[in-house]
Amino acid sequence: MNEHQLDHAKEQIKERVDEVDKSLPVGTSGVQKNRKKSKKVRSDVKVLQVNNLQVSFRTYGGEVEAVRGVSFDLHQGETLAIVGESGCGKSVTSNAIMGLIPKPAGIIKNGRVLFKGKELTNMSKPQLRKIQGVDISMIFQDPMTALNPTLTIGEQLTEGLRTHKKVSKQDAKQKAIEMLELVGIPNPTERLKQFPHQFSGGMRQRIVIAIALICEPELLIADEPTTALDVTIQAQILELFEEIQQKTDISIILITHDLGVVAKIADRIAVMYAGKIVEIGDKRAIFYTPEHPYTKGLLNSVPRLDLVEEELQPIEGTPPDLFSPPQGCPFTARCPYAMEVCDHVYPSTTTKSDTHAVDCWLQDERAKVLQELS
Amino acid sequence: MQKYIIKRFLMMIATILIIATLTFVLMHLIPGSPFEGERTTNPTIQANLEKFYKLDEPLHVQYLSYLKSIVTFDFGPSIKKPNESVNDLLARGFPISFELGMVTILVALLSGIILGTIAALRHNGLIDYFAMTFAVIGISVPNFVLATLLIQQLAVTWDLLPAATWSSPLHMVLPVIALATGPTAIIARLTRSSMLEVLTQDYIKMARAKGLSPVRIIIRHALRNALMPVVTILGTMLAGILTGTFVIERIFAIPGMGKYFVESINNRDYPVIMGTTVFYSAFLVFMLFIVDIVYGLLDPRIKLHRKEGDA
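Residues numbered from 1 in each chain as written. Chains lettered and ligands numbered in written order. Predicted model: local features only at pLDDT ≥ 70, side-chain atom pairs only at ≥ 80, totals over all residues.

Peer 1: Help me understand the pairing of strand S3 (residues 79-83) of chain A, please; the structure alone is not making it clear to me.
Peer 2: For a regular strand, the rule is simple: side chains alternate between the two faces of the sheet. Residues and elements named next belong to chain A. Within S3, five of the five residues are buried, which leaves the element mostly enclosed by the surrounding structure. The side-chain alternation of S3 yields two buried faces, one formed by Thr79, Ala81 and Val83 and the other by Leu80 and Ile82. As judged from the four bridges shared by S3 and strand S9 (residues 268-273), these two strands associate in the parallel manner. When the bridges of S9 are listed, Val83 appears paired with Val271. (Buried ≥ 20, exposed ≤ 12 C-beta atoms within 10 Å, placed from the backbone. Helix = DSSP H or I, 4+ residues; strand = E, 2+ residues; numbered from the N terminus. Pairing = 2+ DSSP bridges.)

Peer 1: Sorry, what's going on with the interface of chain B and chain A here?
Peer 2: Each partner contributes residues to the interface: chain B has 18 residues there, and chain A has 23 residues. Contributing elements (two or more residues each) for the side of chain B that touches chain A: helix H8 (202-209) and helix H9 (214-226) of chain B. In terms of residues, the side of chain B that touches chain A owes the most to one element, H8(B), which gives six residues. Partitioned by chemical class, the residues of the side of chain B that touches chain A number six nonpolar, five polar and seven charged. (Contact = placed C-beta atoms within 7 Å. Nonpolar A, V, L, I, M, F, W, Y, C, P; charged D, E, K, R; others polar.)

Peer 1: Whenever I open this one, the sheet that holds strand S8 (residues 251-256) of chain A confuses me. Can you help?
Peer 2: Picture the strands of a sheet paired through backbone hydrogen bonds; they go either parallel or antiparallel. Residues and elements named next belong to chain A. Strand order in this open sheet of eight strands is S6-S7-S8-S3-S9-S10-S12-S11, and the pairing throughout is mixed. Each edge of the open sheet carries a strand with a single partner, namely strand S6 (136-139) and strand S11 (349-351). Mean inter-strand twist for the sheet, computed between neighbouring axes without regard to direction, equals 20 degrees. As paired strands, strand S7 (residues 219-223) and S8 are joined by five bridges and run parallel to one another. Note on S8: the bridge partner recorded for Leu220 is Ile252. Against the sheet, helix H13 (residues 293-300) engages S9 and strand S10 (276-282), with an angle of about 105 degrees to S9. (Axes fitted to C-alpha atoms, helices over the stretch in contact; angles between N-to-C directions.)

Okay, here's the thing in structure tokens:
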């Protein structure tokens, strides 16, 4: 077990080194090639389409524009990581997809969320309940609080299944045992009768995952699934995600602020800032050729094992107040390359490649001319 | 579990013993005796009476025979009503008081929990404000004031319900309302606040994400966790209702235990005082024990005993 963990840690470090190191031409790293042998071809089936989603919260202090026009697609079997700092709207986005925006304070002001062509934002609650937990599942950040302390694991596992699919108690129990086996919990039959407090944090997160997967959903939203866990457990849980995805071809939206996690399991990355996706692209594109100054800043602020650099480079300043979001690019105040125009007009989206898009004025032809002049 | 029950049982006996002793001491501290009244009794008759009731013996002997009467549960005849034993009084009065108390606590629990839950679900809505206004009034108005107001309005002015005595379910309505309003208000407030807290918990959000029906989320996931504080105060509340019945029984002329209890103290009717007090305290201690057991059943994290080897 220890040896395994050690191997695993080594592997992770290697992978990180390979992925972040820009000097290596794409695809020459042998380790990476071997590891990624099973990485799939991107499917053409779009499981989820989010279009110009806007979510606001009414508070005593006024209206907070938490999500200000987010658009992305998610393909079958794909893992999309949404990264960004606290309060950038990642969790609100995922809650909006899940239909969990607290009413009446939270309102979806605009936009569409299409799950396999079905519009979710205007669905009635009973209709939505037929999708929640069955087609779309969610994993929460803190496994210590996500399980009900007064119900047995077995009951919490089977209740979704028994509500949505007409299965007998016995079949549901059998399925629950299978799920616990899948997520790697020993003695599942006995464990079903136990309560959450009888499990460790890592075990609980495995149970939360088992609960999310028991109805065989097509889309899994994981809201910081490893943030509350220590590093070795984190690695195990991420392995589990990869394993499940290989077995079931499930699509995953991964909300996180941990770029290490992203490097490990994401296929694509969306970088959010102040309620907007400022850059979206393949993992490779985001790590090797980030275009948005914020993405660059994020990558620079990650501690790196491969470089003997003295200090981390934080992004100076704080994100803008979303009670009155700025007219132009919200990153202007913290951006080292900010121009006059950034303050007044939000940049349009520049497509760098089929999969890589960025919202930044630096991509504008005129800005490039300016840069060359100076 | 077994170990815990045995331990609790022994503690219950010790508690009852302490209460019995205190009752005995206090009883003899009060000046006067059963035979002192307006009329002066002939000294020889009084001496004979005292001898009959063994009141002439030294206190420690009286105390021992008193303890014996507790163990055998035979408190002998009442002094004021010599043709009736204390056991007769208990057998006649207690079922009525018990009925009143239990109906009250059931009404208080049901209406309090429902009111509190609805108030929490409609947080800051009209129902919430209404419920909490009612709760403040319910807590502030003493039950005897409420009782007299109820009699005045519902029984005398509108002639809707019987004003007193105890013979049909209709007779129960007014005393139960009077007695249950306070506890209902307290339970409603407690349920509301702990429900509000529970509803923000992650596991409720997770239950929603599972696509469960709202009814199931409230009953199965939220209520059980929200009821813990209610169970906690249930023990003391029970004591309050029991003593409350004494007053309410007087007001509504209900032939329950309260009447005998109060009269016996005024009359220095020693056997009745001792019998009723010990019986009531035993009952209360037993109910508290039940509450503790319920606690463990509601929340599996509460262990009623410590396992060997557990830290």
